[in-house]
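Structural overview for review
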Amino acid sequence: MNSPIFKYFGILCALLMNSFTVNAENINTKPIHSLTFIAQKLDIRVEIALNQTEREQGLMFRTHLGINQGMLFVYPDQAVHEVWMKNTYIPLDAIFLSTDGHIVSILENLQPCLHEPCEIYSPQAAASFMLELNAGFSHDHHLQIGQTLRLPDLSKHPAN
């Protein structure tokens, strides 16, 4: 039972477990910010996708998004920013916001797309931000076009 093979096997198992622990801790190292739905008096926690690379990655390959959590996409201009669900594993609502935080469009229950071609969704109006949340959030919290959100202070977001 105390043969060298068991000793090395034990060391290998310990190293592998440590590797998985380190990787699990680094899955989501992005800072979390607070965003407020004013009418609902509801704060949610969001990751920020500030640059092109972060916006392209978005919530791809995520298998879970917590309750009252999401991702806020920040665009360099106010325009009609289309969205798709390529390699996104969870259904989402996409809320499009103007520069001052007003909801200008809501796309509900966008379904995962694991094989191309993926459907491309277009909001009804130009936006500066897109907020992705778990599917059903818009319905459950009675979101409406024109409602205002208090956006996070993006000046505190680390430069990329």
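Just above sits the structure.
Each chain has its residues counted from 1, running along the sequence as written. In keeping with the model being predicted, local features are shown solely for residues with a pLDDT of at least 70 and side-chain atom pairs are shown and tallied solely at 80 or more, while totals for entire chains, interfaces and linings include all residues. The side-chain quantities take in all heavy atoms of the structure and omit both hydrogens and water.

Further remarks concern the pattern of salt bridges. For side chains bearing opposite charge, pairing can occur when the charged atoms are close. For this analysis, a salt bridge means a side-chain nitrogen from Lys or Arg found within 4 Å of a carboxyl oxygen belonging to Asp or Glu. As enumerated under the stated definition, the model contains 2 salt bridges in all. Ionic pairing is found between Glu47 and Arg62, a salt bridge with its closest N-O pair at 2.9 Å. With Glu47 in strand 2 (residues 42-49) and Arg62 in the loop between helix 2 (52-57) and strand 3 (69-79), this residue pair connects regions lying 15 residues apart in the sequence. Its salt-bridge partner being Lys86, residue Glu116 comes within 2.9 Å of it at the nearest N-O pair. With Glu116 in the loop between strand 6 (103-110) and strand 7 (120-121) and Lys86 in the loop between strand 4 (83-84) and strand 5 (92-97), this pair connects stretches of sequence that are 30 residues apart. Numbering of helices and strands runs from the N terminus; a helix is a DSSP stretch of H or I covering at least four residues, while a strand is a stretch of E covering at least two.

Here 7 strands make up an open sheet; going across it, the order is 6-5-8-3-2-1-9 and the pairing mixed. Because the sheet does not close on itself, it has two edges, and the strands there are strand 6 and strand 9 (149-150). Here, any two strands with at least 2 DSSP bridges between them count as paired. By the bridge criterion, 6 bridges tie strand 5 to strand 8 (residues 127-134) in an arrangement that is antiparallel. Counterpart to Asp93 in the pairing with strand 8 is Leu133.

A few words on the nonpolar core. In these notes, a set of buried Ala, Val, Leu, Ile, Met, Phe, Trp, Tyr and Cys residues joined through side-chain atoms within 4.5 Å is what counts as a nonpolar core. Here's how the labels work: a residue is buried when its accessible area is under 20% of the maximum for its type, exposed when over 50%, partly exposed in between, all with a 1.4 Å probe on protein chains only. Of all hydrophobic cores here, the largest spans 20 residues; its most connected members are Val83, Phe96, Leu107, Leu110 and Met130. Secondary-structure elements contributing two or more residues to this core are strand 3, strand 5, strand 6 and strand 8. When checking whether two residues touch, look at their non-hydrogen atoms; a contact exists if any pair is within 4.5 Å. Contacts of Phe96, omitting those with residues within four sequence positions, involve His81, Val83, His102, Ile103, Val104, Ser105, Leu107, Pro123, Ala127, Phe129 and Met130.

It is worth spelling out the side chain of Ser138 at this point. Take Ser138: it is sitting in helix 3 (residues 137-140). Excluding residues that lie within four positions of it along the chain, Ser138 makes contacts with Asp93, Ile95, Ile106, Glu108 and Leu143.

Whether two aromatic rings pair depends on their centres lying within 6.5 Å, for rings of Phe, Tyr and Trp, where Trp uses its six-membered ring; planes under 30 degrees apart make the pair stacked, over 60 edge-to-face, and the rest tilted. Taken as a whole and assessed by the stated rule, the structure comprises 2 aromatic pairs. Both rings, one in Phe37 and one in Phe137, keep their centres 5.3 Å apart while their planes meet at 40°; by these two values the pair is tilted. Taken together, the residues Phe37 in strand 1 (residues 33-37) and Phe137 in helix 3 connect sequence positions 100 residues apart. As far as the burial class goes, Phe37 and Phe137 line up, both buried. Taking the centre distance of 5.9 Å and the plane angle of 80° together, the rings of Phe61 and Tyr89 count as edge-to-face. With Phe61 in the loop between helix 2 and strand 3 and Tyr89 in the loop between strand 4 and strand 5, this pair connects stretches of sequence that are 28 residues apart.

Here we come to unusual backbone geometry. A cis amide bond links Glu116 with the next residue in sequence, Pro117, at an omega value of 10°. Summarising the element assignment, Pro117 is placed in the loop between strand 6 and strand 7. Although it is not a glycine, Lys41 sits at a positive phi angle of roughly 50°. Mapped onto the secondary structure, Lys41 falls in the loop between strand 1 and strand 2. In this structure Lys41 comes out as exposed when scored by relative accessible area, which is 78%. Positive phi outside glycine occurs at Asn109, with the angle close to 55°. Relative to the helices and strands, Asn109 is located in strand 6.

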